[in-house]
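For reference, the chains in residue letters:
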Amino acid sequence: MALLNFRKKETVPDLVNPEIETLLKDFSIEVMARTAEKVENFRDILPKGTRVYIAHIEGTPIDEMVATAARLNADGFKVMPHFPARIIKDRATLADWIARYQGEADVRQALLLAGGVTTPHGDFSDSMQLMETGLFDEAGFERLHVAGHPEGNRDIDASGTVNVDAALEWKNAFQTRTDAKMAIATQFAFEAGPIIKWADGLVDAGITLPVHIGIAGPAKLQTLIKFAIACGVGPSLKVLQKRAMDVTKLLLPYEPNDVIAELAAHKAANPEFNISHVHFFPLGGIKTNATWANTHGGSSAVPANAS
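Residues numbered from 1 in each chain as written. Predicted model: local features only at pLDDT ≥ 70, side-chain atom pairs only at ≥ 80, totals over all residues. Heavy atoms only, no water.

Draft legend 1. Main features of the overall build of the chain. Secondary structure assignment for the chain yields 13 helices and 8 strands. Classification of the 307 residues of the chain by burial places 51% in the buried group. Within the chain, contacts between residues separated by at least 24 positions form 80% of all contacts whose residues are at least 6 apart in sequence. Roughly 14300 Å² of accessible area belongs to the chain as shown, and the carbon and sulfur atoms make up 53% of that amount. (Helix = DSSP H or I, 4+ residues; strand = E, 2+ residues; numbered from the N terminus. Buried < 20%, exposed > 50% of the residue type's maximum accessible area, 1.4 Å probe, protein only. Contact = heavy atoms within 4.5 Å. Areas by Shrake-Rupley, 256 points an atom, 1.4 Å probe, with all protein chains shown as cover.)

Structure, rendered in structure tokens:
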């Protein structure tokens, strides 16, 4: 794959690169209830059937979450709300959320994660405890995604990745002993090499869950650096810091051209590579991110059997 000309461009290429198009097919995107309110019509900007994650930020009422899910479902999207363990008070609250999502928004998919809260609000502190309740299985959820951290997670492991690795091994075993369809949805990173190394390490550890790799969408450089630091992005933050030192690029919006191109090339050369999908964090705006993804090949029809 000829990458050099593509990497030098900050603008959208005239022709869609087939390797990138393959990687971006059936991409997903993350929204919040308050940002979704600003989008007049999601059908105008996202391919039909796109999976849309709804981030549950601490303090967001469940009413707003369910209403957002209902709207997106009615528009023909696959809706995947977050269930952050540390802001769920108890089993009864979890059961109520599940029932409301199903009854009012026909939700059948969920992203289970610990959440960014330091002190749990109630009985749950991690996603494994949510899974162990059996409530998602009882409710007939078709798909459960769990969090992944290509560059570690300081909230779980102050140094190293021992706890993160053990959690993924537990979740992988959960999939093998249940009927759950699962995948790993990751935090965003900016450098392909470490992502590939991490993903290959999962395979070496016997983890068979497919990976939906987190990618930050186009945004102002200052915005990305702020979010990257707040979200605990690791060594790949240097990609942004190096760019910030180049005065010719400082004021230009960042686009994920390089990291997507390198991952796509690696996937094309290694078809069994366990990164199966791209999951976008639209830090520079939902429409901006969707436009970039669609123009680079993500507007291809979502496969009929995609789940």
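Okay, back to it.
Draft legend 2. Summary view of the sheet that holds strand β3 (residues 78–84). Read around the closed barrel, 8 strands run β1-β2-β3-β4-β5-β6-β7-β8, paired in parallel fashion. On average, adjacent strands in this sheet sit at an angle of 30° to one another, irrespective of strand direction. Where strand β2 (residues 51–55) meets β3, 4 bridges bridge the pair, whose relative direction is parallel. Among the inter-strand pairings, I54 is bridged to a residue of β3, identified as P81. (Pairing = 2+ DSSP bridges. Axes fitted to C-alpha atoms, helices over the stretch in contact; angles between N-to-C directions.)

Draft legend 3. How the structure looks around the pairing of strand β6 (residues 181–188). Where burial is concerned, most of β6 is hidden: 7 out of the 8 residues are buried. Sheet topology note: the strand β5 (residues 143–148)/β6 ladder contains 6 bridges and is parallel. Its bridge partner being in β6, H145 is matched across the sheet by A183. Pairing of β6 with strand β7 (residues 211–216), which is carried by 3 bridges, proceeds in the parallel orientation. Within β7, the residue paired with F188 across the bridge is G214. Remark: the β6/helix α9 (residues 192–204)/β7 crossover connection has right-handed handedness. (Right-handed = clockwise from strand over helix to strand, strands pointing away.)

Draft legend 4. Seen up close, the packing of helix α4 (residues 62–74) against helix α5 (residues 91–105). Two numbers describe how α4 lies on α5: the axes approach to 9 Å, and their chain directions differ by 35°. In terms of crossing hand, the pair formed by α4 and α5 is right-handed. Of the residues in α5, those touching α4 at I62, D63, M65, V66, A69, A70 and N73 are W97, R100, Y101, E104 and A105. Partitioning the contact of α4 with α5 into residue classes produces 8 nonpolar, 1 polar and 3 charged. (Left-handed = near helix turned anticlockwise from the far one by under 90°. Nonpolar A, V, L, I, M, F, W, Y, C, P; charged D, E, K, R; others polar.)

Draft legend 5. Region of the structure containing the nonpolar core. Of all hydrophobic cores here, the largest spans 78 residues; its most connected members are F42, F83, F136 and L263. For this core, the element with the most residues is α9, which contributes 6 residues. The residues touching F83, leaving out its near neighbours within four places in the chain, are I88, L94, W97, I98, Y101, A110, L111, L112, L113, L130 and F136. Counting residues in hydrophobic clusters, the runner-up holds 6 residues, among them Y53, L113, A147 and A185. (Core = buried A, V, L, I, M, F, W, Y, C linked by side-chain atoms within 4.5 Å.)

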